[in-house]
Amino acid sequence: PAVFIGKNIAVGMEEFRRAPKCSMELDSLEFGPKHTVLIDIKAFKTYQELKPVSGLDIWNTDYVKMPYSEKNIMIESGVFTDSKKPRWEKIKKSLSKLNRIATSKAIEEAIKSYNMKYKDEWHFDALHMFFSRVDDRNKREYFSIIERMANLAVNLPLICPKSIPLLKAEEDRIITLSHEQIACLLANAFFCTFPHRNSKRSEFSNYPDINFNRMFADGSEQKRQKLMTILHYFEMVLAKMPKGLVTFERRHLKDKICWKSSKLEVTDLHVSDEGTIEEDGAGMLQVDFACAMVGGGVLGSGLVQEEIRFLINPELIVSRLFTEKLQDCDCLRVTGTQQFSKYKGYSNSFKWMGPHHLPENTKRDKWMRLYTEIVLIDAIKFKERQQQFHMDFINRELHKAYCGFCENNIPEDYCTAIATGNWGCGAFNGDPRLKALIQIMAASQAKRQLAYFTFGDQQLAKDIRYMHNFLAKQKILVGTLYNLLHDYCVSEKSHNTAVREKSHNTSELYQFIYKCVYQPHST
Ligand code: AR6
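Residues numbered from 1 in each chain as written. Predicted model: local features only at pLDDT ≥ 70, side-chain atom pairs only at ≥ 80, totals over all residues. Heavy atoms only, no water.

**Q** Sorry, what's going on with the site of the ligand here?
**A** The environment of the ligand is formed by 20 residues, the closest being Glu306, Glu307, Gly424, Gly426 and Ala427. One nitrogen or oxygen atom from the main chain of glycine 426 is found 2.8 Å from an oxygen atom belonging to the ligand. At a separation of 3.0 Å, an oxygen atom of the ligand approaches a polar backbone atom of phenylalanine 428. Across the complex, the protein chains shield 91% of the 710 Å² of accessible surface that the ligand would expose by itself. Secondary structure elements with two or more residues in the shell around the ligand: α10 (277-280), β7 (285-290) and α11 (305-312). Broken down by element, the shell around the ligand gets its largest block of residues, three residues, from α11. Here the shell around the ligand is built from residues that sort into eleven nonpolar, six polar and three charged. (Near = heavy atom within 4 Å. Polar contact = N/O pair within 3.5 Å; in protein donor to acceptor, adjacent residues only side chain to side chain. Areas by Shrake-Rupley, 256 points an atom, 1.4 Å probe, with all protein chains shown as cover. Helix = DSSP H or I, 4+ residues; strand = E, 2+ residues; numbered from the N terminus. Nonpolar A, V, L, I, M, F, W, Y, C, P; charged D, E, K, R; others polar.)

This is how it looks when you write it as structure tokens:
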């Protein structure tokens, strides 16, 4: 814009705080009323051993219903009468038959044998297509992976004997478990063993689906790439199980921020049109552009930012087992998942590009977790772009981002920078210039640096960088910026619809801000 010419005062990314360099020493791992640890803490502290902790088989609305529970029964029709049988016995029997399989049809039959209700509804054409496209040598390899996955799945009662609490809406709660426990749970998800999770009308209707049946249906090239990525994960962990823990933490923001009176200045920002959150944001708090049902379409046909992250770091998928739909002031923080795959492309062009290996001597924290911290925040999905210039929505997005970014017990100097980008601006139709301002305000309020990746959009990078320079130089406070957004929304409302369409040319918002600051009485 012609109204402002300033020197670029953006901070170089090399100065941004990353883990583990800036991290604070953690307290020792303890379980508590709000923190469930699925390994034996004593063995962990004494011998660094990751032994599953035993527990009761709980079958109620506060816990994941485990496939091996004795309450998990199935009805088998006999010649004269129907009989009730433990479903787990059937699962074990069917999965053990996969020891000798050599066809994908056998996988379908095994899964359907304990999911009889869905035998006509579930389709496996994507799975069959996957196997039909691999040569004989690779086919043998893949069947051997499936066989070992089946062995892992049936060991669930030994690997995960303790019931897993649900991370319910508007609650603060943490679950910590090992890479091995996650792999075992995911093997069960792959073979569709989780009970009460298949019907939209079930008690779990407010949870994402976890059984993999949708992954096996609707064959396409994207599904083939997805299956390759997932099977590669199993191949890696079955060859060498990583030793460490992963934490899933649901956070609820209780106290709302009074944005209009915030006296904080805008935080340091680095904007780049190159690079990705997962790669260039290593050691930062990395934003997942989530669906309220975490993982979105990862098991179905979705293949954008969140789904790709869930595929390359498949341990994220287990969050779908226990995370109730995110509410407006909720987020999910996941620390310690491993990236197993490389990829290229995006959406329709996504391709699995082989293994991603951790660098030698990759560090883990005191809880034996990798320093990969991901925060899942879901933006609002707008049908029409102009809807978003409304303070109710802006307030919602500010609080959602702040809930994801803020840290209550960590001093500012120990907080890593945030790695983000066009949150809510792809599938969810948001305006990236507005969303960038919202994220700058939320990061400033949380006193964290912000690295923003525009994913190839050079003009956007320029515009955001320029706006940030302006805000910083003019010492515009978060509260002032909030009031400017408010004024913009009001001015938009007073336009007639035809004009409004036009004025939602996205840089109009930035022009408005520049103009208000330079000529405060002219708007
Ligand atoms: N690094 C940086 N920026 C990225 C990356 C990346 N790795 N990948 C994509 N972008 P989108 P949404 C940019 O559509 O609008 C899923 O189904 C790129 O500019 O994934 O919040 C979820 O489950 C892209 O257009 O996020 C939700 O249901 C933009 O980020 C829904 O999509 C937005 O990516 C969320 O949609």
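**Q** Please explain the pattern of salt bridges as it appears in this structure.
**A** Side-chain pairs of opposite charge can arise whenever the charged atoms involved come near each other. Within the structure shown, the criterion is met by 29 salt bridges. The partner of glutamate 25 in a salt bridge is lysine 366, with the nearest N and O atoms 3.6 Å apart. Here lysine 366 lies in the loop between β10 (351-355) and β11 (373-378) and glutamate 25 lies in the segment before β1 (35-37), a separation of 341 residues in the sequence. Assessed through its relative accessible area of 64%, glutamate 25 is described here as exposed. Lysine 366 gets classed as partly exposed once you look at its relative accessible area, which sits at 41%. Close ionic contact of aspartate 172 with lysine 254 constitutes a salt bridge, the shortest N to O distance being 2.7 Å. Residue aspartate 172 is found in the loop between α6 (156-159) and β4 (173-178), and its partner lysine 254 is found in the loop between β5 (245-252) and β6 (269-272); the two are separated by 82 residues along the sequence. Using a relative accessible area of 31% as the deciding quantity, one classes aspartate 172 as partly exposed. Each of the salt bridges in this network shares a partner with another, and the network as a whole consists of Glu249, Arg251, Arg333, Glu373, Glu407 and Arg448. (Salt bridge = Lys/Arg side-chain N within 4 Å of Asp/Glu carboxyl O. Buried < 20%, exposed > 50% of the residue type's maximum accessible area, 1.4 Å probe, protein only.)

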